[in-house]
Every structure is written in C-alpha cells, then in structure tokens.
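Coordinate inspection notes
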Amino acid sequence: MFELWTEAVRSIEPLVKPAHRDLWLRPIECVGIDDGRIRLRAPNRYHKEWFEDNFLPSILKDLETRANRVFTVDFEVVEEDAVSAGHVAAGSYRPAASVVGLPAMAPAPDLVSRYTFDKFVVGPTNQFAHAAARMVAEAPASRWNPLFIYGGVGLGKTHLLQAIGHEIHRQHPEWLITFVTCEKFVTDFIGSIRRSSGTSMEDFRARYRTAPDVLLVDDIQFLSNKDSSQDEFFHTYNALHYAHKQIVLTSDKLPAELPGVEDRLRSRFTWGLIAEVETPDLETRVAILKRKAEAEKVNLPDEVALYLAAHLKTNVRELEGALLRLAARASFHGQAISIEVARDALAKMFASAPTGLTIETIQREVAGYFDVKLHDMKGPKRHRAIAHPRMVAMYLARKLTKMSFPEIGGRFGGKDHSTVISAVRKIERLCGEDPTVRSVVGTLEGRLRQP
Ligand code: ADP
Ligand code: MG
C-alpha cells in the first residue's frame with residue numbers, strides 16, 4: 001500500500017525543482033494507508049501547510065486515479081508544541097545531529113566580545129533598530145524573521161548583529177549560532193564548488209543550511225551580481241526559514257535598492273522586519289564617545305567630547321577612531337587630552353582627507369563653468385539654466401566635503417535638506433544616464449580635486 005504513495009509522489013517529482021524535492025517532498029513521511037485514509041507525518045506545521053498547499057493536491061489526484069477511489073488525509077506534526085510555542089527547540093528538530101550525538105553545549109559563536117547590547121548607546125536614530133534586535137534576541141524566529149538591519153557605514157549594524165548573537169547564546173547555550181560575513185559565505189561557497197578549501201558542497205550545506213539554529217549574515221549587499229552565490233543563499237535562506245530558524249541580515253541598502261539581486265531574494269528580505277540605523281545626533285555621539293573613553297580608560301573631558309562629536313558627524317567608527325588616536329597622541333606626549341590637543345589632532349586628520357575643499361570654492365568653480373552668477377546659484381531662481389548648476393554644485397559639495405545635507409542647504413541660501421538630497425540623487429542618476437552630464441561633472445570634480 002505504501003508503494004501507492006511513493007509512486008504518486010514520484011509522479012510529481014519531475015514537476016518540482018530538485019532543491020524543492022529535497023526540502024519539501026522528502027521530509028514528508030507516509031506512516032500508514034488503510035481504508036481510504038492516508039496518514040502523513042511532517043516535521044513541523046509550516047512544512048505541513050506548505051506541502052498541503054503546493055504538492056498534496058497533485059499527489060492525491062495521481063493516487064486517486066491509480067487506486068480508483070477517494071482518500072482522506074490525516075497529518076501528524078512532529079514539532080507541534082515547539083512551533084506553536086514560538087520557536088523550534090534546537091536538538092529536537094535535528095534528527096541527523098542527534099544520531100551523531102550532538103553535545104548539549106554548542107560552541108560559542110565567533111563574535112567580537114565587545115559587540116554586546118550593553119555597550120550599544122541608544123539614541124533616537126538607532127532606537128528602532130536596537131529595539132528590533134532586542135526583540136529578536138528575546139524570542140528568536142517567533143515573529144520577525146528575517147530581521148533586516150540597514151544603514152550607512154560605521155553606524156552600528158555589525159555591532160547590533162553580533163549583539164543578537166551574544167544574547168541568544170547567553171539564553172540558549174545549546175544552540176548553534178552561525179555568524180558569517182556575506183563575503184565569507186561567498187568564498188566558502190566557491191571553495192566548496194572547487195573543493196579548493198578542502199570542504200565539499202555537503203560540508204558547506206551542513207554548515208549553513210542544516211546546522212545553524214540562528215544565522216547572522218553581515219553585509220548581504222555583497223551578493224550583488226553574484227548569481228550562483230545568490231542561488232545558494234536562496235536555498236540556505238529557505239531551508240532555515242522554513243525550519244523556523246532565525247535569520248538576521250545587515251545591508252548598506254534597502255532590499256528594493258540592492259542592485260543585481262534577484263527579485264525572489266529581495267522579496268524574502270522583506271518578509272520579516274526592516275530596521276534602519278541612521279547617523280546619531282549630537283547627544284548620542286557624545287554619549288558614544290564617553291562610553292568608549294570609559295571602556296578604554298581614557299580621561300576625556302566633556303568639552304573635548306563635545307568638540308569631537310560636533311566635528312565628526314557621519315560615522316561612529318570615525319568618531320571612535322579619532323578618540324583613540326587622540327588618546328594615543330596625548331599619552332605619547334605625556335599630555336592630558338584637551339581642546340588644543342583635540343583641535344590639533346583633528347586638523348591633521350582633515351588634512352589627510354582627500355580634499356580640504358570649501359563649499360565656496362566649489363560654488364565659485366561651478367558658477368564659473370556654467371557662467372551663472374554666484375548669488376543666483378544661491379538664490380531662489382528655478383529655471384533650468386540656474387537650477388542645473390546649483391544641483392551640480394550641491395552634488396559636488398556632498399561628494400567632496402564632509403558637510404551634511406542640512407549644512408549644504410544652508411549654504412545655498414537656506415534651502416531645505418530634502419532639496420539637497422534630491423539634487424544629489426538627480427545628478428547621480430544623470431551621471432549614470434547622460435554622458436554629457438557625466439563628463440561635465442567629471443571635469444569639475446577633477447579641477448576641484450587638484451591641490
Ligand atoms: P557598521 O557595521 O554599520 O558599518 P559597526 O557596527 O562596525 O558599523 O560600528 C562601527 C563602530 O562603531 C564599532 O566599533 C561599534 O561598536 C561602534 N558603534 C556604532 N554605533 C554605536 C552605538 N550606538 N553605540 C556604541 N558603539 C557604536
Ligand atoms: Mg559592518
């Protein structure tokens with residue numbers, strides 16, 4: 001009688017992608033057929049539902065034709081309790097591992113020890129991402145799966161990602177938590193295809209698809225334009241997601257804005273929760289500096305913290321770097337950290353930046369090139385002959401100075417930061433589309449970059 005089931009399943013296999021066969025068909029077990037009732041067993045409720053929606057109708061149709069009768073189906077779900085409780089307990093839903101005798105304690109995840117929640121300073125611009133990360137760490141795979149954290153460079157994405165890992169490990173020491181940079185995932189994958197790294201595809205898949213209870217992937221934008229790695233990641237994602245394992249991803253762009261990433265992946269990245277980290281405000285920057293100084297046992301006067309935070313605005317990593325350099329200089333010269341030392345150190349830092357350009361120079365150069373009056377460029381006139389040079393100047397100011405959008409707007413006669421943002425976007429887009437704009441902007445940039 002079981003053969004009837006096996007044959008019916010086989011009849012639909014050619015219609016199913018091989019990866020789906022392994023993932024969805026194989027794990028469904030037929031435990032009995034009698035008197036028009038089929039008893040099936042699924043590893044968990046999600047699996048059952050997916051199977052019922054996608055495969056069961058075709059299989060039943062084949063079966064009923066062969067047997068020339070109607071059947072009813074009863075499902076058993078192995079993990080019913082664990083799933084409805086919010087997550088699948090590790091170990092129980094890992095038959096393969098328990099056969100080999102998995103130790104009760106999983107190895108500690110490979111994480112930077114200071115990237116914990118208690119070392120993360122919360123402010124208005126990262127509050128949401130922080131709360132989301134906390135919730136996921138408290139109840140992995142229950143509601144927000146995946147968590148997708150995105151934002152600019154040096155704003156704490158990796159820190160939050162690893163903090164989740166630390167916290168889950170603390171609460172569930174028996175879980176296997178896998179942290180990987182996307183770059184390493186890709187390298188490992190390629191290594192396993194070529195077997196150059198000594199790992200086979202099976203090892204690779206065991207490591208990323210089967211073993212983890214939690215998968216943390218840093219800088220997922222690295223998948224852009226890497227087709228076969230994307231495909232592999234797609235299956236990794238599916239396997240883990242349907243097995244109810246928490247996935248957390250970080251990226252420098254929103255899913256919809258990731259270039260060269262397949263739609264099916266992009267859409268999966270939006271299944272859970274998306275949280276942005278933005279540049280911290282002044283108070284938060286000061287708090288971050290103080291926290292860091294404390295951790296490094298550096299004596300940082302308040303006025304110096306404020307001075308640094310006021311000058312280094314866009315990137316927390318840069319802020320921390322400045323503090324450490326300052327501390328090193330002060331201790332080298334046997335001085336205490338003071339405003340003077342800070343000013344001196346910052347001047348050196350900015351001097352080594354690619355441009356010491358001022359926005360006035362940029363405005364003058366652009367106005368001269370397009371032959372428009374400087375005060376028109378800063379004024380309210382909107383016709384194209386003025387608006388276009390203005391946008392180019394805003395774009396170059398953003399690219400070549402450290403000024404923020406509101407600051408740039410202020411220097412163009414008090415324009416709103418959103419005007420600057422759309423100008424920058426527009427010129428970026430035109431540079432991609434229009435060779436003339438590209439060459440004009442390139443020429444101006446070249447001139448401005450010359451010492
Ligand atoms: P990203 O991954 O977004 O590029 P990181 O997580 O690597 O940024 O953060 C850069 C540095 O700044 C790290 O040393 C991190 O600890 C620190 N950092 C960023 N945001 C915060 C914060 N809110 N509180 C404390 N440290 C922070
Ligand atoms: Mg990072």
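Residues numbered from 1 in each chain as written. Chains lettered and ligands numbered in written order. Predicted model: local features only at pLDDT ≥ 70, side-chain atom pairs only at ≥ 80, totals over all residues. Heavy atoms only, no water.

**Remarks on the packing of helix α19 (residues 384–400) against helix α22 (residues 435–449)**
Which entries qualify depends on this criterion: A fitted line through C-alpha atoms represents every axis, and for helices the fit uses only the stretch in contact; the resulting angles, taken between N-to-C directions, go from 0 to 180 degrees. In this description a helix means any DSSP run of H or I spanning at least four residues, a strand means any run of E spanning at least two, and both kinds are numbered starting from the N terminus. Our angle categories are set so that under 35 degrees counts as roughly parallel, over 145 as roughly antiparallel, 65 to 115 as roughly perpendicular, and the remainder as oblique. Each helix crossing is assigned a hand: it is left-handed if the near helix lies turned anticlockwise from the far helix by less than a right angle, otherwise right-handed if that turn is clockwise. In this description, contact between two residues means that some pair of their heavy atoms is separated by no more than 4.5 Å.
Packing of α19 against α22 leaves a shortest axis separation of 11 Å and a crossing angle of 50°. On the basis of the axis angle, α19 is oblique to α22. Between α19 and α22 the crossing geometry is right-handed. In this structure, α19 contributes H388, V392, Y395, L396, K399 and L400 to the contact, and α22 contributes V437, V441, L444, E445, L448 and R449.

**Side note on the packing of helix α10 (residues 201–210) against helix α11 (residues 227–242)**
Packed helices, taken two at a time, are described by the angle their axes make and the gap between the axes. Stated precisely, the cut-off is as follows: Charged residues are taken to be Asp, Glu, Lys and Arg, nonpolar residues to be Ala, Val, Leu, Ile, Met, Phe, Trp, Tyr, Cys and Pro, and polar residues to be all remaining types, Gly included.
Put simply, α10 and α11 touch, their axes get as near as 9 Å, and they point 50° apart. Here α10 lies oblique to α11, going by the angle between them. Residues F204, R205, Y208 and R209 of α10 pack against E232, H235, T236, A239 and L240 of α11. Each residue belonging to the contact of α10 with α11 can be placed in one class, and the counts come to four nonpolar, two polar and three charged.

**What to know about the side chain of D213**
Here is the rule: Any pair of nitrogen or oxygen atoms within 3.5 Å is treated as a polar contact; in protein, a donor-acceptor pairing is required on top of that, and neighbouring residues in sequence qualify only through side-chain atoms on both sides.
Mapped onto the elements of the fold, D213 is located in the loop between α10 and β6 (214–218). Of note is the side chain of D213, whose polar atom sits 2.7 Å from the backbone nitrogen of L176.

**Side note on the nonpolar core**
General note: in soluble globular proteins, nonpolar side chains tend to be found buried as a group. Applicable threshold: Among buried residues, those of type Ala, Val, Leu, Ile, Met, Phe, Trp, Tyr and Cys that are joined through side-chain atoms within 4.5 Å constitute a nonpolar core. Residue burial is assigned from relative accessible area. The probe radius is 1.4 Å, only protein chains are included, and a residue is buried under 20% of its type maximum, exposed over 50%, and partly exposed in between.
In terms of nonpolar packing, the biggest core is built from 31 residues, with I362, V366, L396, I408, I427 and V441 touching the most fellow members. Contributing elements (two or more residues each) for this core: α17 (359–370), α19, α20 (405–411), α21 (417–433) and α22. Residue contributions to this core peak at nine residues, all from α19. Membership of the second largest hydrophobic core comes to 28 residues, among which are A129, A163, I177 and L273.

**Things to note about the pattern of salt bridges**
Test applied: The term salt bridge refers to a side-chain nitrogen of Lys or Arg lying within 4 Å of a carboxyl oxygen of Asp or Glu.
Taken as a whole and assessed by the stated rule, the structure comprises 28 salt bridges. The salt bridge partner of D213 is K245, with a shortest N-O separation of 3.8 Å. Linking D213 in the loop between α10 and β6 with K245 in the loop between α11 and β7 (246–251), this pair joins segments that are 32 residues apart in sequence. By the burial criterion, D213 is buried, and K245 matches it. Each of E29, R39, R41 and E76 takes part in salt bridges that share partners, so that together they form one network.

**Focus on the environment of I149**
Note that I149 resides in strand β4 (residues 147–151). Separated by 105 residues in the primary sequence, I149 and L254 have C-alpha atoms spaced 8.7 Å apart. Excluding residues that lie within four positions of it along the chain, I149 makes contacts with K157, L160, V248, L249, T250, S251, A275 and V277.

**Describing the side chain of H241**
Looking at the element boundaries, H241 is found in helix α11. Dropping the residues within four chain positions of it, H241 is found in contact with N145, P146, I247 and W271.

**Focus: the packing of aromatic side chains**
As a reminder of what qualifies: Stacked, tilted and edge-to-face are the three classes assigned to paired rings of Phe, Tyr and Trp, where Trp is represented by its six-membered ring and a pair needs centres within 6.5 Å; plane angles under 30 degrees give stacked, over 60 edge-to-face, the rest tilted. Placement of a charge over a ring requires the Lys NZ or Arg CZ to be within 6 Å of the ring centre, with the centre-to-atom vector within 35 degrees of the ring normal.
Evaluation of the coordinates by the stated rule reveals 14 aromatic pairs. When the ring of W5 is compared with that of F51, the centres are 6.5 Å apart and the planes differ by 50°; the resulting orientation is tilted. A residue pair is termed long-range when its members are at least 10 positions apart, and W5 in helix α1 (residues 2–12) and F51 in helix α3 (residues 45–54) qualify at 46 residues. Here W5 matches F51 in class, with each residue buried. Measuring from ring centre to ring centre gives 6.1 Å for F51 and F75, while their planes differ by 80°; the resulting arrangement is edge-to-face. Of this pair, F51 sits in helix α3 while F75 sits in strand β3 (residues 72–77); the two residues are 24 residues apart in sequence, bridging distant segments of the chain. One aromatic cluster is present, built from ring pairs that chain together F148, F185, F189, F204, Y208, F233, Y237, Y242, F269 and W271. A cation over a ring is seen here: R264 above F234, with NZ or CZ 3.6 Å from the ring centre.

**Quick word on α21**
Under the convention used in this document: To estimate how far a helix should reach, multiply one less than its number of residues by 1.5 Å. This arc is taken over the directions from the axis of the helix to the C-beta atoms.
For α21, built from 17 residues, the straight-helix expectation of 24 Å at 1.5 Å per residue is met to within 8% by its first-to-last C-alpha distance of 24 Å. Within the sequence span of α21, burial applies to V420, A423, V424, I427, L430 and C431. Viewed along the axis of α21, the buried residues span an arc of 130°, placing them on a single side of the element. Residues of α21 that are exposed and point more than 90 degrees away from the buried face comprise R425, G432 and E433. Where α21 is buried, its residues contact α19, α20 and α22.

**Let's talk about the environment of D227**
Within the element layout of this structure, D227 appears in helix α11. A relative accessible area of 57% means that D227 is categorised as exposed. Considering only alpha carbons, one finds D227 and G260, 33 residues apart in sequence, at a separation of 8.5 Å.

**A word on unusual backbone geometry**
The omega angle of the peptide bond from N145 to P146 is 5°, so this bond is cis rather than trans. In this structure, P146 sits in the loop between α7 (127–138) and β4. If you check the backbone angles, A141 has positive phi at about 60° while not being a glycine. Mapping A141 onto the fold places it in the loop between α7 and β4. One non-glycine residue, D219, lies in positive phi territory at about 60°.

**Some details on the site of ligand 1**
To be explicit about the condition: Nearness is judged by heavy atoms alone; a residue qualifies as near a molecule or strand once a single heavy atom is within 4 Å of it. Exposure was quantified through the Shrake-Rupley algorithm and a 1.4 Å probe, taking into account, for residues, occlusion by the shown protein chains and nothing else.
Neighbouring residues of ligand 1: 18 residues in total, closest V121, G154, T158, H159 and E320. G154 places a polar main-chain atom, nitrogen or oxygen, 2.7 Å from an oxygen atom of ligand 1. Burial of ligand 1 by the protein amounts to 95% of the accessible area it has alone, namely 560 Å². Secondary structure elements with two or more residues in the shell around ligand 1: α8 (157–171) and α15 (316–332). Grouping the constituent residues of the shell around ligand 1 by class yields seven nonpolar, six polar and five charged.

**Things to note about the sheet that holds strand β5 (residues 177–181)**
Adjacent strands of a sheet form backbone hydrogen bonds with each other and so pair up, either parallel or antiparallel. For the record, the criterion: Two strands qualify as a pair provided DSSP detects at least 2 bridges between them.
With parallel pairing, the five strands of this open sheet are ordered in space as β5-β6-β7-β4-β8. In this open sheet, the two edge strands, each paired with only one partner strand, are β5 and β8 (273–277). The mean inter-strand angle of the sheet, taken between neighbouring strand axes irrespective of direction, is 15°. Alignment of β4 against β8, held across five bridges, turns out to be parallel. Of the residues in β8, the one forming a bridge with L147 is L273. Strands in contact with α7 are β4, β7 and β8; relative to β8, the strand with the most contacts, it is inclined by about 135°.

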